[in-house]
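Chain by chain, the residues run as shown.
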Amino acid sequence: MKNYNVNEKGYYGEFGGAFIPEILYKCTEELRSAYAEIIESHDFQEEYRRLLRDYVGRPSALYEASRLSQKYGARIFLKREDLNHTGAHKINNALGQILLARKMGKTRIIAETGAGQHGVATATVCALMDMPCTIYMGKTDIQRQMPNVERMKMLGATVAGVSSGNMTLKDAVNEAIRDWCCHPQDTFYIMGSAVGPHPYPDIVARLQSIISEEIKTQLLEKTGRNYPDYLMACVGGGSNAIGTFYHYLDDTGVKLITAEAGGQGWDTPYTAATIHSGSVGILHGCKTLILQTADGQVIEPYSISAGLDYPGIGPVHAHLAKTGRATVYSINDDEAVRAAYELTRLEGIIPAMESAHILAVLPKLKFQTDNIVVLTVSGRGDKDMLNFLKHQEWAE
Ligand SMILES: *Cc1c(COP(=O)(O)O)cnc(C)c1O
């Protein structure tokens, strides 16, 4: 049987590993030797689950979307991560990592953010736990995402503007890593997706696996069986997708479907479709597929969706695609906007622009009427209203 989980050396097939500066070796080593035992401990689980229930609002609903089902000819269930506190799945991970940081005796938190969603989730749990935090954010993104910058500040975080490179997410990650190098003793870096050096992709996967754990129980209640025929999720770095798939990875009867951001098309320069048009390289401490030029310069990604706009991808998703375990679709901006309007009008749910990318895959699949489909709505669309309005014509 193939193994889709991380191996002892931190690899998923040929992808993963920890390619880090010497100075961080002790930090990642400390984390690597501690994380699994802490996360599996009774103490951790008790506190984590209590907060997921009472603070985040879990379990998130599994909703049978009947009008959407009728349209696509299958039983479609939506896993409603949009209903979580702060509006997306990212809080599951931020909460877990801050508990891990505390158990490791760390007293200061840093994180990177692109659209600001992970920054808000991190600032939220730092307020909750009364820990100081610095969020690195490219100056271009600060301009584009002002409401999230204000939320982080109101929550008490320091937002550190980054003016290197194109002043976007990739540059913010570089700056956060630089900070970590300077404060290896007291600082914990809360990574926002299933990316970065080992063991981060595995930490994030384990923390987000609550999504598929709940799907198992909820599906059994609603359908009499605990597995679907299809599991569907969008992929930026890949955290909501691996959380959705985690407990079904070895269950090869369950088809795994992902959507990456095609932007204006995966074969144009304006794309974030890493699996369709990337090649093997090293980014942010991890060997994975990345958007790069022939001589290895990282290409600035483009997508209408800020949360999918990353030039790399979590190593587990590179592996799932390469082995054929997952089928990956590239969804363009206009298809995503159309799908968001469709869900809104059929079900009264405004999805995040990121989540709209996986909704746009529905018309591309051929279902049987008794198929059970679970699609994760990773977040809500309030933050994307201006973008939706600007592109209303695509929905008509
Ligand atoms: C950040 C974000 C994503 C993309 O991140 P993943 O790690 O791939 O899940 C998707 N949806 C929403 C709502 C987000 O905020």
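Residues numbered from 1 in each chain as written. Predicted model: local features only at pLDDT ≥ 70, side-chain atom pairs only at ≥ 80, totals over all residues. Heavy atoms only, no water.

Caption draft 1: Representation of the sheet that holds strand β13 (residues 326-332) in the model. Taken in spatial order, the six strands make up an open sheet running β3-β4-β14-β9-β10-β13, and their pairing is mixed. This sheet does not close on itself; its edge strands, each paired only once, are β3 (62-64) and β13. In this sheet, neighbouring strand axes are inclined to one another by 25 degrees on average, regardless of whether the strands run parallel or antiparallel. As paired strands, strand β9 (residues 230-234) and strand β14 (residues 372-377) are joined by three bridges and run parallel to one another. Paired with Leu231 across the two strands is Val374, which belongs to β14. Sitting on the sheet, helix α14 (residues 333-347) touches β3, β4 (75-80), β10 (255-263) and β13, and the angle it makes with β13 is about 95 degrees. (Pairing = 2+ DSSP bridges. Helix = DSSP H or I, 4+ residues; strand = E, 2+ residues; numbered from the N terminus. Axes fitted to C-alpha atoms, helices over the stretch in contact; angles between N-to-C directions. Contact = heavy atoms within 4.5 Å.)

Caption draft 2: Examining the pattern of salt bridges more closely. Counted according to the given criterion, the structure contains 23 salt bridges. With a closest N to O distance of 2.7 Å, Glu214 and Lys79 form a salt bridge. Of the two residues, Glu214 sits in helix α10 (residues 210-223) while Lys79 sits in strand β4, which places them 135 residues apart along the sequence. Like Lys79, Glu214 is buried. For Asp171, the salt bridge is made with Lys170, and the minimal N-O distance between the two is 3.2 Å. For Asp171, a relative accessible area of 3% corresponds to the buried category. Classification of Lys170 by relative accessible area gives buried; the value is 15%. (Salt bridge = Lys/Arg side-chain N within 4 Å of Asp/Glu carboxyl O. Buried < 20%, exposed > 50% of the residue type's maximum accessible area, 1.4 Å probe, protein only.)

Caption draft 3: Inspection of the packing of helix α4 (residues 90-103) against helix α5 (residues 117-129) at higher detail. In the contact formed by α4 and α5, the axes pass within 9 Å of each other and the chain directions differ by 45 degrees. Accordingly, the angle class assigned to the pair α4 and α5 is oblique. In the packing of α4 onto α5, the handedness of the crossing is right-handed. Contacts between α4 and α5 involve Lys90, Ile91, Asn93, Ala94, Leu95, Ile98, Leu99 and Arg102 from the former and Gln117, His118, Ala121, Thr122, Thr124, Val125, Cys126, Leu128 and Met129 from the latter. Considering only residue class, the contact of α4 with α5 consists of 10 nonpolar, five polar and two charged. (Parallel < 35°, antiparallel > 145°, perpendicular 65-115°, else oblique. Left-handed = near helix turned anticlockwise from the far one by under 90°. Nonpolar A, V, L, I, M, F, W, Y, C, P; charged D, E, K, R; others polar.)

Caption draft 4: Representation of the nonpolar core in the model. Residues Leu100, Ile109, Phe188 and Tyr189 are the most contacted members of the largest nonpolar core, which totals 94 residues. Non-local contacts of Tyr189, meaning those with residues more than four positions away in its chain, are made with Gln97, Ile110, Ala111, Glu112, Val173, Ala176, Ile177, Trp180 and Tyr200. Counting residues in hydrophobic clusters, the runner-up holds 37 residues, among them Ala339, Ala340, Leu343 and Val361. (Core = buried A, V, L, I, M, F, W, Y, C linked by side-chain atoms within 4.5 Å.)

Caption draft 5: Broad picture of the packing of helix α2 (residues 42-56) against α4. One can describe the packing of α2 onto α4 by two numbers: an axis separation of 10 Å at closest approach and a directional angle of 145 degrees. Here α2 runs over α4; the crossing is right-handed. Within the contact between the two elements, α2 uses Asp43, Phe44, Glu47, Tyr48, Leu51, Leu52 and Val56 and α4 uses Ile91, Asn92, Leu95, Gly96, Leu99, Leu100, Arg102 and Lys103. Considering only residue class, the contact of α2 with α4 consists of nine nonpolar, two polar and four charged.

Caption draft 6: Highlighting the site of the ligand. Around the ligand sit 18 residues, and of these Lys90, Ser193, Gly236, Ser239 and Ser378 come closest. Surface burial for the ligand is 97%, taken as the share of its 380 Å² of free accessible area covered by protein chains. The residue inventory of the shell around the ligand, partitioned by class, reads five nonpolar, 11 polar and two charged. (Near = heavy atom within 4 Å. Areas by Shrake-Rupley, 256 points an atom, 1.4 Å probe, with all protein chains shown as cover.)

Caption draft 7: Examining a nonpolar patch on the surface more closely. Taken together, the side chains of Ile350, Met385, Leu386 and Leu389 make up a nonpolar region of the molecular surface, amounting to roughly 390 Å² of accessible area. Along the chain, Leu386 falls in helix α16 (residues 385-390). (Patch = residues over 30% accessible without salt bridge, like charges linked within 9 Å, V, L, I, M, F, W, Y side chains within 5 Å.)

Caption draft 8: Inspection of the state of the cysteines at higher detail. Summed over all chains, the structure comprises zero disulfides. Here Cys133 stays free of any disulfide, with the sulfur of Cys126 as its closest cysteine sulfur at 3.8 Å. Left unpaired, Cys181 is separated from the closest cysteine sulfur, that of Cys182, by 6.6 Å. Classification of Cys181 as buried rests on a relative accessible area of 16%. (Disulfide = S-S within 2.5 Å.)

Caption draft 9: Representation of helix α1 (residues 25-40) in the model. The terminal C-alpha atoms of α1 lie 24 Å apart, and with 16 residues this matches the ideal 22 Å at 1.5 Å per residue to within 8%. At Ala34, α1 is deflected by roughly 40 degrees, the largest bend along its length. Along α1, the residues classified as buried are Cys27, Thr28, Leu31, Ala34, Tyr35, Ile38 and Ile39. (Expected span 1.5 Å × (residues − 1). Bend = angle between axes of the 7 residues up to and from the residue.)

Caption draft 10: Spatial organisation of the pairing of strand β6 (residues 133-138). Burial of β6 is extensive: six of the six residues sit out of reach of the surface. The two faces of β6 match: Cys133, Ile135 and Met137 on one face and Thr134, Tyr136 and Gly138 on the other face are all buried. Note: strand β5 (residues 108-113) against β6, five bridges, orientation parallel. Bridging from a neighbouring strand, Thr113 pairs with Met137 of β6. For the segment spanning β5, α5 and β6, crossover handedness is right-handed. Pairing geometry for β6 and strand β7 (residues 158-162), over five bridges, is parallel. Of the residues in β7, the one forming a bridge with Gly138 is Val162. (Right-handed = clockwise from strand over helix to strand, strands pointing away.)

Caption draft 11: Molecular detail of the packing of aromatic side chains. On inspection of all chains with the given rule, the structure shows seven aromatic pairs. Each ring, one from Phe44 and one from Tyr48, has its centre 5.5 Å from the other, and the planes form 40 degrees; the classification is tilted. Taken together, the residues span about one helical turn, with Phe44 and Tyr48 both in helix α2 at a distance of four residues. A single burial state applies to Phe44 and to Tyr48, both of which are buried. Through successive ring pairs, a cluster of aromatic residues spans Trp180, Tyr189 and Tyr200. Cation over ring: Lys216 sits above Tyr248, and NZ or CZ is 5.1 Å from the ring centre. A cation sits over an aromatic face here: Lys255 above Tyr230, 5.0 Å from the ring centre. (Phe/Tyr/Trp six-rings, centres within 6.5 Å; stacked < 30°, edge-to-face > 60°. Lys NZ or Arg CZ within 6 Å of the ring centre and 35° of its normal.)

The analysis is restricted to geometry; functional conclusions fall outside its scope.
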